[in-house]
Amino acid sequence: MNFEHTEDRRMLADTLDRFIAGQAGIEQRNQAAYGAQGHSPALYRGFAELGAIGALFSEADGGFGGAGFDVSVVFERLGRGLVAEPLLGALVVGRAVAAAGSAAQKDTVLAPLMAGEAVAALAHDEPGGHYEPTRVAATARRAGAGWVIDGAKGVVLFGDSAGWLLVSARTGGGSFDAEGISLFLVPGDAAGLTRRANSRIDGGRTAELVFKDVAVGADALLGAEGEGAALLERAVGWGLLALCAEAVGAMDVAKEHTLEYLRTRKQFGVPIGSFQALQHRMADLLLEVEQARSAVINAAAAIDGADRIARERALSAAKFSIGRIGTLVAEESIQMHGGIGMTWELPLAHYAKRLVMIDHQLGDEDHHLARYIALGH
């Protein structure tokens, strides 16, 4: 396996680093991430203009990338900058539309997404659920030529500001059956949809959504009726890769900040980095971060060409590793900083929060360990 990125990917990474350093520093980031919208629409458009969103899609879909390593490069840079913009939703929803959408659906959704003119959100998880991929209680029933959707969705990332929602609803089967799940593209301002927004502890926004007699046209159905589970798994897989790559970027920065602190903070007249106990802890941490990076490389390579079992096992292995190692990096970095590591003013505190919360998106460490084992049988 060639571990060197192509020249185009290296150029994109450098461009994103410069843009983030100039336009999305930690103060600007926190102001937007903890603000009323949870992100900056102007900054989101800026990322689109740089090609960060277009790099997530193939040329056939109007982008200029779309491979696993394109996605990982973009999200690793976003992780380094602690970027709170809604690119994850653009990736997951956009890949689902690209894979199964009609020509009209692609024209309506993909171009605005890549231009940074629309926010998209996956509305799949439901209140009371615990990451079960096929647990869908929301329903969709036929009404004339269209559909009527009822049900509730929980913790929808940027669900309060999304112009498009990719909604899973049951058109057949039981509550946990893969068969009978259908996917619908629902406008964020649809009549009968109630959205209650919440702030996230690591920045950004989520929303609780309630669908009550939400009528949509026949053209809202994405893919075949009752066959949305496989499409959903594929789209979520891209989200898993993105989150894992983002975490590696955030880990790198936390690691760098901690190393710098160990070199400069003095006790008893010497840098604390000269203490052997801290050297051992830091060495262990560096090895763990490289292990996480290897897991992400493996997932990025598997997502493009591997068969389903190999692909999904690689993704779950990466997410399990990221969950465990991300929490370790957050805890160790803060402990080695001491009390200052918990302060709002120190960027490390925000990186630590983000690393811990990534574990809880699209399935936590325990969920993906169990899934990895189940996929092997």
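Residues numbered from 1 in each chain as written. Predicted model: local features only at pLDDT ≥ 70, side-chain atom pairs only at ≥ 80, totals over all residues. Heavy atoms only, no water.

**Student:** Lay out the UniProt feature "domain: Acyl-CoA oxidase/dehydrogenase middle" (unreviewed entry) in the chain with the relevant residues and their values.
**Tutor:** UniProt tags residues 123-214 as "domain: Acyl-CoA oxidase/dehydrogenase middle" (unreviewed entry). Helix makes up 0% of residues 123-214 and strand 53%, with an end-to-end C-alpha separation of 14 Å. (UniProt positions renumbered as here; feature names shortened; annotations may be inferred. Helix = DSSP H or I, 4+ residues; strand = E, 2+ residues; numbered from the N terminus.)

**Student:** Could you give me a rundown of the pattern of salt bridges, with the residues and numbers involved?
**Tutor:** Summed over all chains, the structure comprises 25 salt bridges. A salt bridge links Arg-77 to Glu-76; the shortest N-O distance between them is 3.9 Å. In terms of burial, Arg-77 and Glu-76 fall into one category: buried. A salt bridge links Arg-324 to Glu-288, with the nearest nitrogen and oxygen atoms 2.9 Å apart. Of this pair, Arg-324 sits in helix 9 (residues 308-337) while Glu-288 sits in helix 8 (residues 276-305), placing them 36 residues apart in sequence. (Salt bridge = Lys/Arg side-chain N within 4 Å of Asp/Glu carboxyl O. Buried < 20%, exposed > 50% of the residue type's maximum accessible area, 1.4 Å probe, protein only.)

**Student:** Tell me about helix 9, and name the residues and values.
**Tutor:** Counted at 1.5 Å a residue, the expected span for helix 9 with its 30 residues is 44 Å, and the 43 Å between its end C-alpha atoms agrees. Of the residues that open helix 9, the one with a side-chain oxygen 3.1 Å from the backbone nitrogen of Ile-309 is Asp-307. (Expected span 1.5 Å × (residues − 1). Polar contact = N/O pair within 3.5 Å; in protein donor to acceptor, adjacent residues only side chain to side chain.)

**Student:** I'd like a rundown of the packing of aromatic side chains, residues and numbers included.
**Tutor:** Inspection of the entire model under this criterion finds three aromatic pairs. With a centroid separation of 5.1 Å and an interplanar angle of 75°, the aromatic rings of Phe-19 and Phe-47 are classed as edge-to-face. Placement of the pair is Phe-19 in helix 1 (residues 7-23) and Phe-47 in helix 3 (residues 41-50), with a sequence separation of 28 residues. The burial state of Phe-19 is the same as that of Phe-47; both residues are buried. Judged by centre distance (4.8 Å) and plane angle (50°), the ring pair of Tyr-34 and Trp-344 falls under tilted. One end of the pair, Tyr-34, is in the loop between helix 2 (26-33) and helix 3; the other, Trp-344, is in the loop between helix 9 and helix 10 (347-358), and 310 residues separate them in sequence. When the ring centre of Trp-238 is taken as origin, the NZ or CZ atom of Arg-95, which lies over that ring, is 3.8 Å away. (Phe/Tyr/Trp six-rings, centres within 6.5 Å; stacked < 30°, edge-to-face > 60°. Lys NZ or Arg CZ within 6 Å of the ring centre and 35° of its normal.)

**Student:** How would you summarise the domain arrangement of the chain if you had to cite specific residues and measurements?
**Tutor:** Structurally, the chain comprises domain 1 (7-118), domain 2 (121-227) and domain 3 (229-375). If you look at the interface, domain 2 gives 14 residues, while domain 3 gives 13 residues. A per-residue breakdown of the area domain 2 buries against domain 3 is headed by Tyr-131, Ile-201 and Asp-202, which together make up 45% of the total. On the surface where domain 2 and domain 3 come into contact, there are one salt bridge. With a closest N to O distance of 2.8 Å, Arg-354 and Asp-202 form a salt bridge. (Domains from an automatic or database assignment. Contact = heavy atoms within 4.5 Å. Buried area = accessible area lost by both parts, 1.4 Å probe.)

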